[in-house]
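Survey of secondary and tertiary structure
For reference, the chains in residue letters:
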Amino acid sequence: MAGRLSLAEVDLCCAICYDIFRDPVVLQCSHSFCSGCLRDYWASRGGGRDCPLCRRESSDEPVPSLTLRNLCEGAEPSSLSSPPEELYTDPGEMCPLHGERLKLFCRDDREPICVICLTSRRHEGHDCCPAGEAAADMKEDLKTSLSELQQKMVELEKMKQNYTDTSAHIEMQAQFVERRMHQEFQELRDFLDEAERTALQSLKQEEEEKRGVVRRLTDEVEVNISSLSDAITTLEEDMALDAVPLLHKCKDGSIGSATTPDCAAMPPGTLIDVASYLGSLQYSALVGMYETVRYTPVTLDPNTAAPWLRLSDDLTEVSDTDDRPKLPDNPERFDRDAGVLGHRGFSSGCHWWDVEVGENTAWVVGVAGESVKRKEKVSSVLKNGYVTVYFYHEMYFAGTSPLSRLNLKSRPKRIRVRLDYDKGRVSFHDADRNVLIYLFKHSFNEKAYPYLWVGCKLSPLKITAGEGELKVVK
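Residues numbered from 1 in each chain as written. Predicted model: local features only at pLDDT ≥ 70, side-chain atom pairs only at ≥ 80, totals over all residues. Heavy atoms only, no water.

This part covers the pairing of strand 12 (residues 386-392). Within strand 12, 6 of the 7 residues are buried, which leaves the element mostly enclosed by the surrounding structure. Sheet topology note: the strand 11 (residues 363-369)/strand 12 ladder contains 6 bridges and is antiparallel. Residue pairing for strand 12: Trp-363 is matched across the bridge by Phe-391. In this sheet, strand 13 (residues 395-398) lies alongside strand 12 in antiparallel orientation, the contact comprising 4 bridges. Looking at strand 13, one finds that Tyr-392 is bridged to Met-395. Here strand 12 folds back onto strand 13 in antiparallel fashion, the turn holding 2 residues, of which His-393 has a positive phi close to 55°. (Buried < 20%, exposed > 50% of the residue type's maximum accessible area, 1.4 Å probe, protein only. Helix = DSSP H or I, 4+ residues; strand = E, 2+ residues; numbered from the N terminus. Pairing = 2+ DSSP bridges.)

Its volume calculated, the largest pocket comes out at about 1,500 Å³. As for the largest pocket, its lining consists of 43 residues, and the residues nearest its centre are Arg-180, Ser-312, Asp-313, Asp-314 and Leu-315. With 14 residues, helix 5 (residues 131-239) is the single largest residue contributor to the lining of the largest pocket. By volume, the second largest pocket is sized at about 450 Å³. Together, 18 residues line the second largest pocket, and Ala-195, Glu-196, Ala-199, Tyr-277 and Leu-281 are the ones closest to its centre. The dominant element in the lining of the second largest pocket, judged by the number of residues it contributes, is helix 5, at 8 residues. Grouping the constituent residues of the lining of the second largest pocket by class yields 12 nonpolar, 5 polar and 1 charged. (1 Å grid on protein atoms, 1.4 Å probe; cavity = no way out; pocket = protein on both sides within 12 Å on 5 of 7 lines; lining within 4 Å. Points joined across faces, edges and corners; volume = space filled by probe spheres on them. Nonpolar A, V, L, I, M, F, W, Y, C, P; charged D, E, K, R; others polar.)

Let us now look at the confidence of the model for the protein chain. Overall, the prediction assigns the protein chain a mean pLDDT of 85, with 89% of residues at 70 or greater. For residues 1-8, every residue scores under 50 in pLDDT, and the model assigns this stretch 13 contacts once sequence neighbours within four places are set aside. Low confidence marks residues 77-88, where pLDDT is under 50. Its contacts with residues over four positions away, or in another chain, come to 12 contacts. (pLDDT = per-residue confidence, 0-100. Contact = heavy atoms within 4.5 Å.)

The next thing to look at is unusual backbone geometry. The residue after Ser-401, namely Pro-402, is reached through a cis peptide bond having omega 0°. Mapping Pro-402 onto the fold places it in the loop between strand 13 and strand 14 (404-406). One non-glycine residue, Leu-315, lies in positive phi territory at about 60°.

Attention now moves to the pairing of strand 16 (residues 425-430). Across the 6 residues that make up strand 16, a large majority, 5, are buried. Two elements, strand 15 (residues 414-420) and strand 16, share 6 bridges in a ladder whose sense is antiparallel. The residue bridging Asp-420 from the neighbouring strand is Arg-425, located in strand 16. The hairpin formed by strand 16 and strand 17 (residues 435-441) contains 4 residues between the paired strands, and Asn-434 there has a positive phi angle of roughly 55°.

The sheet built from 3 strands is open, its strands ordered 2-1-3 with antiparallel pairing. Edge positions in the open sheet fall to strand 2 (32-34) and strand 3 (63-64), since each of these has one partner strand only. With 2 bridges joining them, strand 1 (residues 24-26) and strand 3 adopt antiparallel strand pairing. Across the sheet, residue Val-25 finds its bridge partner in strand 3, namely Pro-64. This element, helix 2 (residues 35-44), spans strand 1 and strand 2 of the sheet and lies at about 90° to strand 2. (Axes fitted to C-alpha atoms, helices over the stretch in contact; angles between N-to-C directions.)

It is worth spelling out the pattern of salt bridges at this point. Scanning the entire structure with this criterion turns up 27 salt bridges. For the salt bridge of Lys-375 with Asp-329, the shortest nitrogen-to-oxygen distance reads 2.9 Å. Of this pair, Lys-375 sits in the loop between strand 11 and strand 12 while Asp-329 sits in the loop between strand 8 (317-320) and strand 9 (339-341), and the two are 46 residues apart along the sequence. Residue classification places Lys-375 among the partly exposed positions, given a relative accessible area of 32%. According to the relative accessible area criterion, Asp-329 is partly exposed, its value standing at 47%. Asp-354 serves as the salt-bridge partner of Arg-416, at 2.6 Å between the closest nitrogen and oxygen. With Arg-416 in strand 15 and Asp-354 in strand 10 (residues 350-356), this residue pair connects regions lying 62 residues apart in the sequence. Via salt bridges that share partners, Arg-107, Asp-127, Glu-133 and Asp-137 belong to a single interconnected network. (Salt bridge = Lys/Arg side-chain N within 4 Å of Asp/Glu carboxyl O.)

Moving on: the packing of aromatic side chains. One pass over the structure, following the stated rule, counts 9 aromatic pairs. Aromatic side chains Phe-334 and Tyr-451 sit 6.1 Å apart centroid to centroid with 55° between the ring planes, which places their arrangement in the tilted category. Placement of Phe-334 in the loop between strand 8 and strand 9 and of Tyr-451 in strand 18 (residues 448-454) is noted, with a sequence separation of 117 residues between them. Of the two residues examined, Phe-334 and Tyr-451, each falls in the buried class. Here the aromatic cluster, defined as three or more aromatic residues joined through ring pairs, consists of Phe-334, Tyr-386 and Tyr-451. It is Arg-418 that lies over the ring of Trp-352; its NZ or CZ is 5.5 Å from the centre. (Phe/Tyr/Trp six-rings, centres within 6.5 Å; stacked < 30°, edge-to-face > 60°. Lys NZ or Arg CZ within 6 Å of the ring centre and 35° of its normal.)

This paragraph deals with a nonpolar patch on the surface. On the surface, a nonpolar cluster with roughly 310 Å² of combined accessible area is contributed by Leu-156, Met-159 and Tyr-163. Tracing the backbone through its elements, the reader meets Met-159 in helix 5. (Patch = residues over 30% accessible without salt bridge, like charges linked within 9 Å, V, L, I, M, F, W, Y side chains within 5 Å. Areas by Shrake-Rupley, 256 points an atom, 1.4 Å probe, with all protein chains shown as cover.)

In structure tokens, the structure reads:
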């Protein structure tokens, strides 16, 4: 029988044997098969009367199709007269044991089989179906797998692009940090250079003043030396006189009349006060440096800031903006909520810091647990790991669950946050008036981080003061 058929002949082929119908019959579902192929199929299924294609059960006997049989009889001569190349069957489509075409598929053994294989002991009781049906099912499975792989490919491409963007962002971060470090250290160098110039100038001035004092003393001594030298010369000349002239001068009173000048003693403080310049020189420079540098207890972590927030170069201010730059989707970053964490978390001890809220009309200030959700928008309340106070729609709230309305007599400009980790207390104060706003009693079982949320572009939130300020004994 032909291995390849024209389109018209394919339409006249049985879905079980893949050959032109022989004694075609029609089931209630309108699918047609060879009468013999259908009986063999039902026999292999244990007597079931389902359609090999749609699996619909047939309660009635198959009906012979006279029209289909006439069409098939008309198609058989053309198949016999087909060109030799159309009679070729791929060896891979033939059963290596029985030489028959592989028209069926054994689902148990996952292999194509022929009709003779179906009746063998090897496949007895196995779940078998037409090869076309199995191929269609397999293609559906492959289509599903292909769709999953394509989706995975899209995800991997996005991941690759994110890593590429992350690498570029890391380079930008390194350049920014290098530039800021150079500026910061240059300011320290400039301060030390200026301090050195001032100290050297003071030393030079004292040197000139005290050398001037010594010069004046030297001039006085030189005058006295000249006067004394003249007196010595006169006495030496008198001593050279004969007796009578010497006695006459004695009578005149001109002998021994020269006055002896006093020797000027060196006054105290003539030397340079070396100890005042070199005593604890580095410490003195540090004291002066302390008066020029600024310390903040909380440094904001830009890797946690939502993409539309802008941080100041010194990482102490955060502002809301309309910009949304493309930043790496790192796990630390808030990208559904306008939050940012402090860089350092606390797991013990007492800590406090001030947050200047100014004229901002939408803010949240407080503490957040390390495990708070950052990739989805959640209400920042106590049960979600936040210990905070709110200012929103001209109203103040404590971040309890649910929120507690606060009635404040005045609008604070600076909020002081006090965290006593060991005692499980977080309190909020009006820093300028030293008035308690709210006290939480909440025990942490993880690191607690300073937390800021800003939803207003009117003014930034700014860390201004707090614990750990540099202490220098003057």
